[in-house]
Amino acid sequence: MADRYFSPADVEKLIPALSRIMNDVMTAHTEATRARERLQAEKQRLAFAGGGVLDRAAWRADTEIVEQRVRRVRAGLDKVVRLGGVPKDLGLGLVDFPHLRDGEEVHLCWKYGEREIRHWHGLDEGYGARKPL
C-alpha cells in the first residue's frame, strides 16, 4: 500500500519539474552508457591484441565521465522519488505514480515528453500494458 495516492491532476502539476529532472537523468544515462561502451571496446581491443598501449588519459576521462554521470542519474532519480514517483525506464523516461482506481491500487504512467497524464496500468504490468484513463 502506498503512502500517498496521486490523481492525474497531482502528477500533471509535477510534469514541468519531472521533465527537467528526467531530461538531465536521461542525458547523463546516455553519456555514461557511451563512456562505458568506449571503455569496454578498449578492453576488448587490448584483449584481442594480447596487450598493447593504453591511452591512460582517455581511460581516466571516460572513467570519470561514467562516475560523474552515474552520480547525476542517482541524484535525479532521488528527486523523482522525493516527488512521489517510481522511476521505471531511463531510456523512455518512464515514471509511475501510485493511484487508486475504482478502489484498486494501480500506477499512473508518465512518459518523458507527455504533457498530461492519460494512462495507467496495474501494479504487475508495465508500459506495454498502459490503458487510457
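Just so it is clear, the structure is predicted and the values come from calculations on it, not from any experiment.

From N to C terminus, the chain includes two helices and five strands. Secondary structure of the chain in N-to-C order comes out as α-α-β-β-β-β-β. Its C-alpha radius of gyration of 19 Å places the chain more than 25% over the 14 Å reference for a compact globule of 133 residues. By its C-alpha atoms, the chain is 65 × 25 × 25 Å across when sized along the principal axes.

This brings us to the sheet that holds strand 3 (residues 104–111). The strand order 1-2-3-4-5 describes an open sheet built from five strands, whose pairing is antiparallel. The sheet terminates laterally at strand 1 (86–89) and strand 5 (131–132), the two strands that pair on one side only. Strand contacts of helix 1 (residues 8–49): strand 2 (94–101) and strand 3, with the helix running at about 40° to strand 3, the strand carrying the most contacts.

Turning to the pattern of salt bridges, a few remarks are in order. Across all of its chains, the model carries 11 salt bridges by this definition. Residue D24 pairs with R72 through a salt bridge whose shortest N-O separation is 2.7 Å. Here D24 is found in helix 1, whereas its partner R72 is found in helix 2 (residues 56–83), with 48 residues between them in sequence. Among the ionic contacts, a cluster of salt bridges with common partners joins D24, E31, R69 and R72.

Relative orientation and spacing of two packed helices are given, respectively, by the angle between their axes and the distance between those axes. Put simply, helix 1 and helix 2 touch, their axes get as near as 8 Å, and they point 155° apart. Regarding the angle of helix 1 to helix 2, the classification is roughly antiparallel. As for the relative orientation of helix 1 and helix 2, their crossing is left-handed in sense. Across the contact of helix 1 with helix 2, the residue classes break down as 17 nonpolar, four polar and 10 charged.

What counts, and where the lines are drawn
Residues numbered from 1 in each chain as written. Predicted model: local features only at pLDDT ≥ 70, side-chain atom pairs only at ≥ 80, totals over all residues. Heavy atoms only, no water. Helix = DSSP H or I, 4+ residues; strand = E, 2+ residues; numbered from the N terminus. Rg over C-alpha atoms; globule rule 2.2 N^0.38 Å. Pairing = 2+ DSSP bridges. Contact = heavy atoms within 4.5 Å. Axes fitted to C-alpha atoms, helices over the stretch in contact; angles between N-to-C directions. Salt bridge = Lys/Arg side-chain N within 4 Å of Asp/Glu carboxyl O. Parallel < 35°, antiparallel > 145°, perpendicular 65-115°, else oblique. Left-handed = near helix turned anticlockwise from the far one by under 90°. Nonpolar A, V, L, I, M, F, W, Y, C, P; charged D, E, K, R; others polar.

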